Amino acid sequence: AWSISYGYSFVRRPRFELGATLGATSLGLLAEAGVPARGIREREERSVPAPQAGLDASFRITPRWYAEARYQYFKVTADDVSGRLTQAEAAVMFQFNPHLAAGLAWTDFDASVTLREAGDSGRFRQQSDALLLQVRAGF
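These remarks concern the structure in this document. If you're wondering where the values come from, they're calculated on a predicted model, not measured in any experiment. (Residues numbered from 1 in each chain as written. Predicted model: local features only at pLDDT ≥ 70, side-chain atom pairs only at ≥ 80, totals over all residues. Heavy atoms only, no water.)

### Examining the layout of surface pockets
The calculated volume of the largest pocket comes to roughly 490 Å³. Lining the largest pocket we find 27 residues, and of these Glu17, Ser58, Tyr66, Glu68 and Arg136 sit closest to its centre. Among the secondary structure elements, those contributing two or more residues to the lining of the largest pocket are strand 1 (2-12), strand 2 (16-35), strand 3 (40-60), strand 4 (65-78), strand 5 (81-97), strand 6 (100-117) and strand 7 (120-137). Grouping the constituent residues of the lining of the largest pocket by class yields 10 nonpolar, eight polar and nine charged. (1 Å grid on protein atoms, 1.4 Å probe; cavity = no way out; pocket = protein on both sides within 12 Å on 5 of 7 lines; lining within 4 Å. Points joined across faces, edges and corners; volume = space filled by probe spheres on them. Helix = DSSP H or I, 4+ residues; strand = E, 2+ residues; numbered from the N terminus. Nonpolar A, V, L, I, M, F, W, Y, C, P; charged D, E, K, R; others polar.)

Following this line, the structure appears as structure tokens:
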């Protein structure tokens, strides 16, 4: 999976910002099944692009410490396919200079795709959440 998004802050205060995001995510799905004793093996591979919309907020705690949170969501139902994708992140960061920050972040990713085609039905779900040491560099 990969994603890219653009955010625009529509509320800007000296210590608080609230914005909206618009982005795209691509999920690569690979499913394999087989019966080795019979020499049967099936493999299905698909790439599913998905647009996402979301919210972004940041709060300056001190001149060098800040907290931020993001949430992005997409849901679609069309003919034989239905899917949902959510991404959430919260972090507390220390800013060393205007271009470099590091901190502790929690991230959650949940993707679910259901196919209802005759002869090719199934469900894919990937979910992960993690606590991360995050480094952010910018120009």
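Following the structure, the description resumes.
### Here's the deal with the environment of arginine 116
When you line up the elements, arginine 116 lands in strand 6. Here the alpha-carbon distance between arginine 116 and aspartate 79, two residues 37 residues apart in the chain, equals 8.4 Å.

### Overview of the pairing of strand 5
Pairing analysis gives 14 bridges linking strand 4 to strand 5, with the strands arranged antiparallel. Bridge pairing in strand 5 places tyrosine 66 opposite methionine 93. Between the antiparallel neighbours strand 4 and strand 5 lie two residues, among them aspartate 79 with a positive phi of about 40°. Direction of pairing for strand 5 relative to strand 6: antiparallel, over a ladder of 16 bridges. Bridge pairing links asparagine 97 to leucine 100 in strand 6. The loop that links strand 5 with its antiparallel partner strand 6 comprises two residues. (Pairing = 2+ DSSP bridges.)

### Considerations on the packing of aromatic side chains
Enumeration over the complete set of coordinates arrives at two aromatic pairs. Taking 5.0 Å as the distance between ring centres and 75° as the angle between the ring planes, the aromatic pair formed by phenylalanine 94 and phenylalanine 96 counts as edge-to-face. Residue phenylalanine 96 is classed as partly exposed on the basis of its relative accessible area, which comes to 43%. One aromatic cluster is present, built from ring pairs that chain together Trp65, Phe94 and Phe96. (Phe/Tyr/Trp six-rings, centres within 6.5 Å; stacked < 30°, edge-to-face > 60°. Buried < 20%, exposed > 50% of the residue type's maximum accessible area, 1.4 Å probe, protein only.)

### Looking at the environment of valine 35
Inspection of the secondary structure puts valine 35 in strand 2. Through-space distance from the C-alpha of valine 35 to that of arginine 116 is 23 Å; in sequence the pair is 81 residues apart.

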